[in-house]
Amino acid sequence: MVLESRPENMQRINGPALAQAYIDERIAMLREQIGEKKVLLALSGGVDSSVVAAMLIRAIGRQLTCVHVNHGLLRKGEPEQVIRVFRDEMDANLIYVDAVDRFLDKLAGVADPETKRKIIGAEFIEVFAEEARKLDGISFLGQGTIWPDILESEAGIKAHHNAGGLPEDLRFELVEPVRILFKDEVREVGRALGLPAGMVERQPFPGPGLGVRCPGAITRERLEAVRESDAILREEFAAAGLAGKVWQYFTVVPDFKSTGIRDGKRTFEWPVIIRAVNTTDAMSATVEELPFALMQKLVGRITAEVRGVNRVLYDFTPKPCATIEYE
Ligand code: XMP
């Protein structure tokens with residue numbers, strides 16, 4: 001099969017009219033390629049896989065089966081949003097897999113960052129492959145590959161990992177309807193497909209999810225503190241008009257405790273570290289200058305609402321010398 005490349009003279013999709021033209025063209029191509037056959041898609045809820053899902057639903061409806069694996073490292077509300085948008089609103093054929101215990105049990109006691117990543121990646125493929133084997137007559141695998149993935153793997157910067165590692169018997173023919181698009185174009189197409197703004201404008205979120213924001217060995221309690229503090233941060237950034245402005249922002253709960261005081265009693269609890277950075281290519285990053293009033297609001301809410309937390313810190317370190325994530 002000849003893999004498609006972005007035509008050199010292709011116009012940048014920068015508005016609804018061009019997005020609609022792209023969608024119309026692709027839907028015709030998808031129907032032609034797929035015919036009456038079936039397609040399987042791993043739907044994480046990230047921008048790329050969500051746009052691919054929405055496009056395939058338009059093109060072939062219930063010939064598409066989406067599998068959403070909840071590995072327990074997603075942000076608050078994400079699995080619910082995937083179910084609401086795709087199953088309830090778009091009537092997708094969606095399989096929701098609650099694999100939370102499987103992942104967290106495998107990760108228990110594992111502190112090394114790269115080992116954690118490997119376990120998460122391998123377990124994901126395992127769960128997805130199990131679901132794929134339960135289905136009959138799948139011919140194609142949908143993928144949210146985008147043009148920068150191809151450029152980066154050609155340049156040797158990043159191994160193009162989409163679908164990499166699926167076992168031999170599951171090497172289906174690929175369907176990659178956003179392969180020739182840049183990220184901003186994928187978002188434009190997503191908007192034109194009617195996906196919610198919160199899904200299309202999402203900040204980058206690493207594959208290993210909150211797992212890399214719970215440094216060292218993950219425990220359910222500390223993971224919950226990461227998830228709850230991240231939700232508060234996102235809420236307050238949105239309220240302060242920073243949601244679309246700051247490139248990436250999140251919380252980290254490191255594996256140490258310090259002394260505090262609550263209701264006149266001594267506490268011994270974790271800190272929450274806030275990270276908010278700006279970048280264009282994620283190779284280097286600067287720290288966002290947060291308004292002090294917002295910082296105070298965040299400290300107040302996080303220490304009042306997140307269990308097991310008695311301190312809030314702000315990370316002032318640019319990249320380099322720190323990376324954006326903590327592991
Ligand atoms: P670092 O921490 O390397 O992050 O400065 C740069 C950007 O890459 C994201 N990131 C990841 N994305 N899998 C991913 O899909 C990963 O293992 C991973 N690690 C970091 C990070 O969120 C940031 O946007």
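Residues numbered from 1 in each chain as written. Predicted model: local features only at pLDDT ≥ 70, side-chain atom pairs only at ≥ 80, totals over all residues. Heavy atoms only, no water.

1. Re the site of the ligand
Around the ligand lies a shell formed by Arg117, Pro204, Pro206, Gly207, Pro208, Trp247, Gln248, Ala282, Lys319, Thr323, Ile324 and Glu325. Between the ligand and Gly207, the relevant distance is 3.0 Å, taken from an oxygen atom to a main-chain nitrogen or oxygen of the residue. Within the contact set of the ligand, an oxygen atom lies 2.8 Å away from a side-chain nitrogen or oxygen of Gln248. Relative to its free-state accessible area of 500 Å², the ligand is covered by the protein chains to the extent of 71%. Residues of the shell around the ligand, tallied by class, amount to six nonpolar, three polar and three charged. (Near = heavy atom within 4 Å. Polar contact = N/O pair within 3.5 Å; in protein donor to acceptor, adjacent residues only side chain to side chain. Areas by Shrake-Rupley, 256 points an atom, 1.4 Å probe, with all protein chains shown as cover. Nonpolar A, V, L, I, M, F, W, Y, C, P; charged D, E, K, R; others polar.)

2. Examining the pairing of strand β4 (residues 138-142)
Taking burial as the measure, the five residues of β4 include four buried ones, the bulk of the element. Where strand β1 (residues 38-42) and β4 come together, four bridges link them in parallel fashion. Bridging from a neighbouring strand, Lys38 pairs with Ile138 of β4. Note that β4 and strand β5 (residues 173-175) share three bridges and pair parallel. Each residue of the ladder has a partner; that of Phe140, found in β5, is Glu173. (Buried < 20%, exposed > 50% of the residue type's maximum accessible area, 1.4 Å probe, protein only. Helix = DSSP H or I, 4+ residues; strand = E, 2+ residues; numbered from the N terminus. Pairing = 2+ DSSP bridges.)

3. Description of the packing of helix α1 (residues 16-34) against helix α2 (residues 47-60)
Running from N to C, α1 and α2 point in directions that differ by 65°, and their axes come no closer than 9 Å. Note on packing geometry: the crossing formed by α1 with α2 is right-handed. Of α2, the residues touching α1 (which contributes Tyr22, Ile23, Arg26, Ile27, Leu30, Arg31 and Ile34) are Met55, Leu56, Arg58, Ala59 and Ile60. Residues belonging to the contact of α1 with α2 are distributed by class as follows: nine nonpolar, no polar and three charged. (Axes fitted to C-alpha atoms, helices over the stretch in contact; angles between N-to-C directions. Left-handed = near helix turned anticlockwise from the far one by under 90°. Contact = heavy atoms within 4.5 Å.)

4. So, the layout of surface pockets
Estimated volume of the second largest pocket: approximately 480 Å³. Together, 20 residues line the second largest pocket, and Gly198, Glu201, Arg202, Gln203 and Tyr249 are the ones closest to its centre. A breakdown of the residues in the lining of the second largest pocket according to their chemical character gives seven nonpolar, five polar and eight charged. (1 Å grid on protein atoms, 1.4 Å probe; cavity = no way out; pocket = protein on both sides within 12 Å on 5 of 7 lines; lining within 4 Å. Points joined across faces, edges and corners; volume = space filled by probe spheres on them.)

5. Points about the packing of aromatic side chains
Summed over the entire model, instances satisfying the criterion amount to three aromatic pairs. When the centroid spacing of 6.4 Å and the interplanar angle of 10° are considered together, the rings of Phe124 and Phe128 count as stacked. Taken as a pair, Phe124 and Phe128 lie in helix α5 (residues 113-134) at a separation of four residues, close to a single helical turn. Judged by its relative accessible area of 5%, Phe128 falls in the buried class. On the basis of an interplanar angle of 80° and a centroid distance of 5.0 Å, the ring pair of Tyr314 and Phe316 is categorised as edge-to-face. Over the aromatic face of Phe205 sits the side chain of Arg75, whose NZ or CZ is 4.2 Å from the ring centroid. Above the plane of the ring of Phe250 lies Arg213, whose end atom (NZ or CZ) is 3.9 Å from the centre. (Phe/Tyr/Trp six-rings, centres within 6.5 Å; stacked < 30°, edge-to-face > 60°. Lys NZ or Arg CZ within 6 Å of the ring centre and 35° of its normal.)

6. Some thoughts on the sheet that holds strand β2 (residues 64-70)
Read from one edge of the open sheet, five strands run β3-β2-β1-β4-β5, paired in parallel fashion. In the strand order of this sheet, the two ends are held by β3 (93-98) and β5, each with one partner. With direction set aside, neighbouring strand axes in the sheet form an average angle of 30°. Of the strands in this sheet, β1, β4 and β5 touch α1, which is tilted by about 165° from β5. Against the sheet, α5 touches β1, β2, β3 and β4, its axis set at about 155° to β1.

7. Here's the deal with unusual backbone geometry
Negative phi characterises most residues that are not glycine, and trans characterises most peptide bonds. Here the residue pair Lys319 and Pro320 is connected by a cis peptide bond, since its omega of -15° sits within 30 degrees of zero. Note that Pro320 resides in the segment after β10 (309-314). Cis geometry is adopted by the peptide bond preceding Cys321, which originates at Pro320 and carries an omega value of 20°. Following the sequence through the fold, Cys321 ends up in the segment after β10. Of note, the phi angle at Asp91 is positive, near 55°, even though the residue is not glycine. Of note, Asp91 is situated in the loop between α3 (78-89) and β3. Positive phi outside glycine occurs at Asp263, with the angle close to 50°. Structurally, Asp263 is set in the loop between β7 (258-262) and β8 (265-278).

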